[in-house]
Each structure stands twice: as C-alpha cells, then as structure tokens.
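Summary of the model geometry
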Amino acid sequence: MITTRLIPCLDVDDGRVVKGIKFKGIRDAGDPVDLAKRYNTQNADELVFLDIGASYKSRETMLNVVEAVSREVFIPLTVGGGIRTVVDMRNALMAGADKVAICSAALANPEVLSEGAYQFGAQCVVLSIDAKREGENWYAFTHGGRKNSGREVVEWAKEAAKLGAGEILLNSIDRDGTKAGFDIELLNAVGQAVNIPVIASGGAGTLPQILEAVNAGNADAVLLASLLHYGEFTVQEIKTYLEKNGVKMRW
Amino acid sequence: MIGVIDYGAGNLRSVKKALDFLGVKNRVIDDPAQLSGIEKMLLPGVGAFQASVEQLQKKSLFDPVKVWLQEDRPFLGICLGMQVLFQDGEENPGITALGIVDGSVPRFQHERVPQIGWNKVFFTRETPLANGLGKDAYFYFLHGFYVAPKDPAVVVGETEYGIRYPSMIARGNMTAVQFHPEKSGENGLTLLKNWVAI
C-alpha cells in the first residue's frame, strides 16, 4: 500500500531558505543544502524547492542549489518558481530535479502542461495552485498570491489534470503561515474533482491538524515549511504521530 | 564500466549521480560509438513512452540496446526503461518499443493515477539485487502505467496499488524495476550497489 508523504518545502530566495507569513514578513531559515540533508536524515519522503526570488540571478542560484543537493540526497526533488516554458522545465530536470512545479505560467498558458507531459511524462509535471477563498468559491492566484487570475480552483484543477498535470500542489493562501490548520473543504473539493494526487499545503501548526489533512482532507501528501524549519517538530516526530494514528508511513 | 543510456529522459542525471556517489565508474551514452568498453547497461526512466522510443531511434540507440538485450548482456531498466522492454504501451498505442519481454503496459484503473510515492516491493523470488533488503522494502514510485508480462516466471517483485502488479522482473542477465532506486534513499543505493556487484 502506498504511504502518505511528508514533504518539507524550502522557499529559496537567492540561495537562502526563507519562509514568509502570508507571503509577507520574510525571515531567514538557513542554507538549503544543509536543510535538505537534515530532512533526508529525518526520513523526509521528498523535498520541494520553490524559488521565490523573481530575478534571473535567483533562478540561476536555485539550479546550483538543486545540483548540489542532488549529488548527496537521493530522494525526489521538485523545483518550482519561475518555471514558464518547456526549456525551463528541462533546465530544472537537468540540474537534478525529478519534478517541476508550475503555477502562474500554467494559468497564462495552459498548454505548457501538455507540452511538459508529452516531453517528460505527466508524472513530473506538478501544477501548483495558490488558492484563495472569495465568497463561495476559491480562485487561483498568481504572482505570489497578489493577483486573482479569475480561474475558479476546482475547474482549473480539472482542466490541468486533463492537460497532463500529474499532481496538484494545493496551497491555501488564507491559511499559509497562520498555523490555523489546513483548509479541509478546499482539499476535498479539489481531491474529489481530480484523479491525480493532491499535496496539502498551508496552515500546519499542530500534529492533529496534519492528521486532519490526511484523514478528513484525503491529502496524498502534506507539504510543511516553517513548522520544520524553526525546529518545532522533526519529520520523525510527525511521522511517529501519524503512524500511531493509523496513517501508513515509510521509514 | 557502466553505460547509462541518455535518450533525453528527465532523471538520467539522478542515476548518474547515484552511481558517482557510490564510486562506480560510469559513462553517459548518447551515441552508439560510446558503447565500446561498456560491461553493463543501465536504461533509466521517467518520461513519456512515445517520446522515449523516438529519442532512442533518433540517437541511433534503439537497435544497439535491442541487440544488447537479445545477447543477454547485463542490463538494468528503471521505470520507463522497464516499460520499453515490452512491445507497446497503452500510453501511446501503435508505438513499437523493444519487444524483449512479452506482455502489455496497461494504465492503472483503481487508484489515483499516476502513483506517486513510497510503496513496498515484496520480493517474490530470490534475487541478488535484494541482498540486505529483507523480504520487502520501500522504494519510490512515479508512474501511471505498469507492466503485465505474459510469463509469470519473470516476476521477481510485486507491489500493491489497487491491484498487485509486477514491480521487478528478471530474466538471465536482464533486470528491470518499476520504482526509482536512484530516488529511494538507502534502500535504492543498496539495490544499485547489489546490481553493480553481480
């Protein structure tokens, strides 16, 4: 039986790991290569690197980071942030990424998902959705959560899966950095609409909240950042807790 | 010397990095001329079925790889490198792959597709590749299609994902795995080391 994945997410800006609260108020959390090694030792199931520095230089630095990590850490690596074209995807894969996450570029040009799936296989195309609730619905936001694309999240997820996305990284902007727990309604709405794996992101503050994302939210994987970076919990501690509560974990 | 076949597949570098990390001599092959002096061949995975077959043909590597397998020389196929051993895949009907093993490559029907994550391989037959790994071990999977060989005797390991399916096959000097040993932490490195040591 497949196990539920715990995925540390490293937001990287010009070679340093940072983590913002609701995408603002950025604090420094360390060297990405050191952190990647630490999480690997702790039995992390995968790692996600998101380049949040918009500059060309930050992107180059990111590829160097991935290259360095992939020489020493032999678990799956996903790279996102600033991926716009199939060429960007290839560069990330060549640097050592196993999957690429696409957010804004896919909203602007959905075909990039099918092109990527054709060239590299659907399993390495991750659609990242920054979701924000407005009234009854959630909308996909771009530009680090500042701009509403106008696309309704559930419809967007369905279309993206049809185009060739192999996985959805579903981030709740409303919950991001708040430690108020995951948006369970959002997770279920998307999870029931598509047949590809959904990674829950945004809002983790306590162990029961993570369990809730898996049990009530039916998440296939959970993305964690500040909870791990500031040493509140180790990956082992979280896995031990989840396993005790009946969630299948890999050791 | 191990030859890692480069047909433009995404995670080729990961396999090379794992071999480098283990201190194993290896060479990336993207031209048939580079095959001389190679003792073992590794065909990595990740990618799309049709694109991979086309790339192998474009680089004039399709026939040399096929001959290598027909001569039963040491071979390890990973993920898509396992699937292209079969005749054709459901992913792209009509595309003729290597046809070294009889059977089909159907798509999962019961669970979320693709399967992404860590799952157990139950070793159903003795294999030197599983030395030190016990009766079963966790590996990382990333695939939407799986192999269904006609001859059950080739199956060495099985995995459960809605159905129980072959995740490792072996025949003579050929071994192929559906999971990614180069992305499966310690277990994966152990399996690669075992294959190198045969």
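Residues numbered from 1 in each chain as written. Chains lettered and ligands numbered in written order. Predicted model: local features only at pLDDT ≥ 70, side-chain atom pairs only at ≥ 80, totals over all residues. Heavy atoms only, no water.

**Observations regarding the overall build of chain A**
Broken down by element type, chain A carries 10 helices and 12 strands. A compact globule built from 251 residues would reach a C-alpha radius of gyration of about 18 Å, and chain A, at 16 Å, matches this within 12%. Taking the principal axes of the C-alpha coordinates as reference, chain A spans close to 45 × 45 × 40 Å. Contacts spanning at least 24 positions in sequence make up 64% of the contacts within chain A whose residues lie at least 6 apart. Carbon and sulfur atoms provide 49% of the accessible area of chain A, an area that totals close to 9,500 Å². Here chain A carries 27 positive and 32 negative side-chain charges, and the mean point of each set is 2 Å from the other. (Helix = DSSP H or I, 4+ residues; strand = E, 2+ residues; numbered from the N terminus. Rg over C-alpha atoms; globule rule 2.2 N^0.38 Å. Contact = heavy atoms within 4.5 Å. Areas by Shrake-Rupley, 256 points an atom, 1.4 Å probe, with all protein chains shown as cover. Lys, Arg positive; Asp, Glu negative; His and termini not counted. Charge placed at Lys NZ, Arg CZ, Asp CG, Glu CD.)

**Some points on helix 3 (residues 86–95) of chain A**
If you check which residues of helix 3 of chain A are buried, you get Val86(A), Met89(A), Ala92(A), Leu93(A) and Ala95(A). Check the buried side of helix 3 of chain A and you find it contacts helix 2 (56–72), strand 5 (77–80), strand 6 (99–102), helix 5 (111–120) and strand 7 (125–134) of chain A together with helix 1 (12–21) of chain B. Backbone geometry just after helix 3 of chain A places Gly96(A) at a positive phi near 130°. (Buried < 20%, exposed > 50% of the residue type's maximum accessible area, 1.4 Å probe, protein only.)

**Quick look at the environment of Ala130(B)**
Residues and elements named next belong to chain B. With respect to the helices and strands, the residue Ala130 is situated in the loop between strand 6 (115–123) and strand 7 (136–143). When the C-alpha positions of Ala130 and Ile198 are compared, they lie 11 Å apart, and in sequence the two are 68 residues distant. Leave out the neighbours within four places in its chain, and Ala130 touches Phe123 and Asn194.

**Things to note about the interface of chain B and chain A**
Size of an interface: often given as the accessible area lost when the parts come together. With 33 residues of chain B at the contact, the number on the chain A side is 40 residues. Roughly 3,100 Å² is buried in total at the junction of chain B and chain A, and carbon and sulfur atoms are behind 54% of that figure. Three residues, Lys17(B), Arg112(B) and Trp118(B), lead the burial of chain B against chain A; their summed loss comes to 26% of the area buried on that side. There are three salt bridges connecting chain B and chain A. Ionic pairing is found between Lys183(B) and Asp98(A), a salt bridge with its closest N-O pair at 2.9 Å. On the surface where chain B and chain A come into contact, there are 20 residue pairs in polar contact (both at pLDDT 80 or more). When contributions to the side of chain B that touches chain A are tallied by element, the ones reaching two or more residues are helix 1, helix 2 (49–58), strand 6, strand 7, strand 9 (155–161) and helix 5 (185–197) of chain B. (Buried area = accessible area lost by both parts, 1.4 Å probe. Salt bridge = Lys/Arg side-chain N within 4 Å of Asp/Glu carboxyl O. Polar contact = N/O pair within 3.5 Å; in protein donor to acceptor, adjacent residues only side chain to side chain.)

**Quick notes on the packing of aromatic side chains**
Tallied over the full model, the rule gives eight aromatic pairs over all chains. Plain terms: the ring middles of Phe108(B) and Tyr146(B) are 5.0 Å apart, the flat faces sit at 25° to each other, and that makes the pair stacked. Of this pair, Phe108(B) sits in the loop between strand 5 (103–104) and strand 6 while Tyr146(B) is found in the loop between strand 7 and strand 8 (148–149), placing the two residues 38 residues apart along the sequence. There is no split in this pair, since Phe108(B) and Tyr146(B) are both buried. For the ring pair Trp118(B) and Tyr140(B), a centre distance of 5.8 Å and an interplane angle of 70° mean the geometry is edge-to-face. A residue pair is termed long-range when its members are at least 10 positions apart, and Trp118(B) in strand 6 and Tyr140(B) in strand 7 qualify at 22 residues. Accessibility classification places Trp118(B) together with Tyr140(B) in one group, the buried group. What links up through ring pairs into an aromatic cluster is the set Phe108(B), Tyr146(B), Tyr161(B) and Tyr165(B). Taking the ring centre of Trp251(A) as reference, the NZ or CZ of Lys239(A) above it sits at 5.6 Å. (Phe/Tyr/Trp six-rings, centres within 6.5 Å; stacked < 30°, edge-to-face > 60°. Lys NZ or Arg CZ within 6 Å of the ring centre and 35° of its normal.)

It is worth stressing that arrangement in space is one thing and function is another; only the former is reported here.
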